[in-house]
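# Remarks on the overall topology
So the chains spell out like this:
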2 protein chains.
Amino acid sequence: MNHVDINRPEPLGPEVILPPTKRGQRTRANLLAAAESVFATSGYHDASIVKITEEAGVGLGTFYVYFPGKKELFDQVVFDLNRRVRQAMSEASSGATTRLEAERAGFRAFFAFTAAHPALYSIVRQAEFVSPEAMRAHYTSIVDGYISGLLSAQAKGEVRDIDPTVASWALMGAGELIGMRWVQWEQQAGGRPEGVPDHVFEALMSFIETALAPSASVKEESV
Amino acid sequence: MNHVDINRPEPLGPEVILPPTKRGQRTRANLLAAAESVFATSGYHDASIVKITEEAGVGLGTFYVYFPGKKELFDQVVFDLNRRVRQAMSEASSGATTRLEAERAGFRAFFAFTAAHPALYSIVRQAEFVSPEAMRAHYTSIVDGYISGLLSAQAKGEVRDIDPTVASWALMGAGELIGMRWVQWEQQAGGRPEGVPDHVFEALMSFIETALAPSASVKEESV
DNA sequence: GTCAAACCTGAATGGTGATTCATGTTTCGT
DNA sequence: ACGAAACATGAATCACCATTCAGGTTTGAC
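### Overview of helix α7 (residues 132-155) of chain B
With 24 residues, α7 of chain B extends 34 Å from end C-alpha to end C-alpha; this agrees with the ideal 34 Å at 1.5 Å per step. Phi for glycine 157 of chain B, located one or two positions after α7 of chain B, is positive at around 75°.

### Side note on the protein's contact with DNA strand D
Residue and element names in this part refer to chain A. DNA strand D sits among 21 residues. The nearest are Thr27, Gly59, Gly61, Thr62 and Tyr66. Backbone atoms, meaning sugar and phosphate, form 73% of the atoms of DNA strand D found within 4 Å of the protein. Within the contact set of DNA strand D, a phosphate oxygen lies 2.7 Å away from a side-chain nitrogen or oxygen of threonine 27. In the environment of DNA strand D, a phosphate oxygen lies 2.9 Å from a nitrogen or oxygen atom belonging to the side chain of threonine 62. Those elements that provide at least two residues to the surface near DNA strand D are α1 (22-42) and α3 (63-66). The greatest single-element share of the surface near DNA strand D, amounting to three residues, is contributed by α1. Taken together, the residues of the surface near DNA strand D sort by class into ten nonpolar, eight polar and three charged.

### A word on the protein's contact with DNA strand C
The full set close to DNA strand C counts 21 residues, and Ile49 of chain A together with Thr27, Gly59, Gly61 and Tyr66 of chain B are the nearest of them. Put simply, 72% of the atoms of DNA strand C that lie within 4 Å of the protein are in sugar or phosphate. Threonine 62 of chain B places a side-chain nitrogen or oxygen 3.0 Å from a phosphate oxygen of DNA strand C. Listed by contribution, the elements that provide at least two residues to the surface near DNA strand C are α1 (22-42) and α3 (63-66) of chain B. Here the surface near DNA strand C gets three residues from one element, more than from any other, and that element is α1 of chain B. Among the residues forming the surface near DNA strand C, the class breakdown is ten nonpolar, eight polar and three charged.

### What about the packing of aromatic side chains?
We describe a pair of aromatic rings using the distance from one ring centre to the other and the angle between the two ring planes. All names here are of chain B. Under the criterion given, the structure shown has 23 aromatic pairs over all chains. Ring geometry for phenylalanine 107 versus tyrosine 146: centroids 6.5 Å apart, planes at 70°, classification edge-to-face. Of this pair, phenylalanine 107 sits in helix α5 (residues 99-116) while tyrosine 146 sits in helix α7, and the two are 39 residues apart along the sequence. Assessed through its relative accessible area of 1%, tyrosine 146 is described here as buried.

### With respect to the packing of helix α8 (residues 164-188) of chain A against helix α9 (residues 198-212) of chain B
For the pair α8 of chain A and α9 of chain B, the least separation of the axes is 9 Å and the interaxial angle reads 60°. Judged on the interaxial angle alone, α9 of chain B and α8 of chain A are oblique. Crossing of α8 of chain A against α9 of chain B: the hand is right-handed. Facing α8 of chain A, whose interface residues are Val166, Ala167, Ala170 and Leu171 of chain A, α9 of chain B presents Val200, Ala203, Leu204 and Phe207 of chain B. In the contact of α8 of chain A with α9 of chain B, the residues fall into eight nonpolar, no polar and no charged.

### Quick look at the confidence of the model for chain A
Residues and elements named next belong to chain A. For chain A, mean pLDDT is 90; residues scoring 70 or higher make up 90% of the total. Contacts from residues 1-11, a stretch scored under 50 in pLDDT, to residues over four places away or in other chains number 42 contacts. Here residues 217-223 is a poorly scored stretch, pLDDT under 50, and it has nine contacts once near neighbours within four places are set aside; other chains count.

### Re the relation of the copies chain B and chain A
Superposing chain B onto chain A takes a rotation of 180° plus a shift of 0.0 Å along the axis, which leaves an RMSD of 0.1 Å. Taken together, these values place the two copies in the relation of a two-fold axis. When the interface residues of chain B are mapped onto chain A, 100% of them are again interface residues, pointing to one common binding face.

### A word on the pattern of salt bridges
Pairing of side chains with opposite charge becomes possible as their charged atoms draw close. Residues and elements named next belong to chain A. For the coordinates displayed, the defined rule picks out 18 salt bridges over all chains. A salt bridge links glutamate 36 to arginine 84; its shortest N-O distance comes to 3.0 Å. Of this pair, glutamate 36 sits in helix α1 while arginine 84 sits in helix α4 (residues 70-94), and the two are 48 residues apart along the sequence. Take glutamate 36: its relative accessible area is 15%, and that puts it in the buried class. A single network of salt bridges, built from pairs that share partners, joins Lys71, Asp75 and Glu133.

### Details of the interface of chain B and chain A
Opposite the 46 residues of chain B that make contact, chain A presents 46 residues. Counting each side, the surface lost to burial between chain B and chain A is near 3800 Å², with a carbon and sulfur contribution of 74%. Looking only at chain B, the three residues that lose the most surface to chain A are Phe129, Trp169 and Phe207 of chain B, adding up to 19% of its buried area. Linking chain B with chain A are two salt bridges. Its salt-bridge partner being arginine 125 of chain B, residue glutamate 128 of chain A comes within 2.1 Å of it at the nearest N-O pair. Taken together, the connections running from chain B to chain A amount to eight residue pairs in polar contact (both at pLDDT 80 or more). The set of elements that each furnish at least two residues to the side of chain B that touches chain A consists of α1, α6 (119-130), α7, α8 (164-188) and α9 of chain B. Considering every element that reaches the side of chain B that touches chain A, the biggest residue donor is α8 of chain B, with 17 residues. When the residues that make up the side of chain B that touches chain A are grouped by side-chain class, the tally is 24 nonpolar, 14 polar and eight charged.

Rules of the game
- Residues numbered from 1 in each chain as written.
- Chains lettered and ligands numbered in written order.
- Predicted model: local features only at pLDDT ≥ 70, side-chain atom pairs only at ≥ 80, totals over all residues.
- Heavy atoms only, no water.
- Helix = DSSP H or I, 4+ residues; strand = E, 2+ residues; numbered from the N terminus.
- Expected span 1.5 Å × (residues − 1).
- Near = heavy atom within 4 Å.
- Polar contact = N/O pair within 3.5 Å; in protein donor to acceptor, adjacent residues only side chain to side chain.
- Nonpolar A, V, L, I, M, F, W, Y, C, P; charged D, E, K, R; others polar.
- Phe/Tyr/Trp six-rings, centres within 6.5 Å; stacked < 30°, edge-to-face > 60°.
- Buried < 20%, exposed > 50% of the residue type's maximum accessible area, 1.4 Å probe, protein only.
- Axes fitted to C-alpha atoms, helices over the stretch in contact; angles between N-to-C directions.
- Parallel < 35°, antiparallel > 145°, perpendicular 65-115°, else oblique.
- Left-handed = near helix turned anticlockwise from the far one by under 90°.
- Contact = heavy atoms within 4.5 Å.
- pLDDT = per-residue confidence, 0-100.
- Least-squares fit on C-alpha atoms with pLDDT ≥ 70 in both.
- Salt bridge = Lys/Arg side-chain N within 4 Å of Asp/Glu carboxyl O.
- Buried area = accessible area lost by both parts, 1.4 Å probe.

Here it is as structure tokens:
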């Protein structure tokens, strides 16, 4: 969620050969964007290749020029979303100087991304059966960034002595369900907020801060 | 997860008319059990009615004697799992006298249930598209129990002043991902533990305890 | 023992959708 | 301007499945 510090090589779909011509690249990108949208609204199984190609504005057969099959397309979509959400969090927290700042910025970026790309939740959850490898890679890559952030924060004495791996999974879980409840569900109910309500965000930050702070109360030293 | 204090009426599939005869009840129960297993291992879409009836040891047509269709069966399975996991947590934490005890017992029960019923995770996640109502009802009913537990703990001064709703969703999320990572994933990798490893459990408890404790350090007063 | 209600059954129906392929069109280096 | 590589296409193929139904079997109240 924050403490982002992406380093290791990309965890997924490496051998993507982009089409040689501009036209081909555009078509491929259109298919990918259409797939993200259709997978998110219809679900993997109701997302027929016909729907996707229609949304992309290309013929049915064209799909198979760019992807071996539906499953590979799905993997690619998960991979793309994963890369983008990590980049968003990483960018947001890169300017921060303290752990608290980084934490806030990272989570804000995560919720904003969630709001802008409702596909993230629905698609990752479906991956359980469609592509378990993709699902694990998604969660693992995010947690890895978090862990390394926590480690360096601990080295600086900004975080108390707690297993960083467990803490990272716990925090990611917290962010995930909060996002589901206040971003995804609210959106589906009609609204289109840019993130979670302020009081929820602040409560979550207070929760995290208290859980991680070294020992004496460091609460509320900012904002 | 804990602080369980279930009160309100059941949130889901209410009007279940049980078959009048013993034989019918047994058949229905067999179908339900088979469905849980097949949904969990194959996923909703690959879980054909044929597979389910075969696993249940009944003829294909028999299915439609007991359920209007596949979707209704799925709802029923979610409802059952939800009732059982809440009951397990509620029972486990009912004997506790302090919030900390209740917390530990509740989470332990949750992880144990997760270990014994891998279906819980996979089925609930699929509900996103198969039956969003069922999914929401599942999460909401668990969180509601948690919230009321937190509220009464706050009244007794055992929990600091934090929004109980936000805290509940955060904690449920933490438990969910920890369970996914250390129970579900480990199981799929071969092992069949009865819950999360001790050090993970303790780290999570320490995390939660610190996040919720009133103010002065209450850490590690037990165990 | 009788009979209606409750149960059970699996072949047939109807629909859907991923993937293939033979054929036409566009792009681009030379 | 030319030709080969890229790209585009949608009808046809093939497989899978939810659901229906018409007819048989079992149960249990009397």
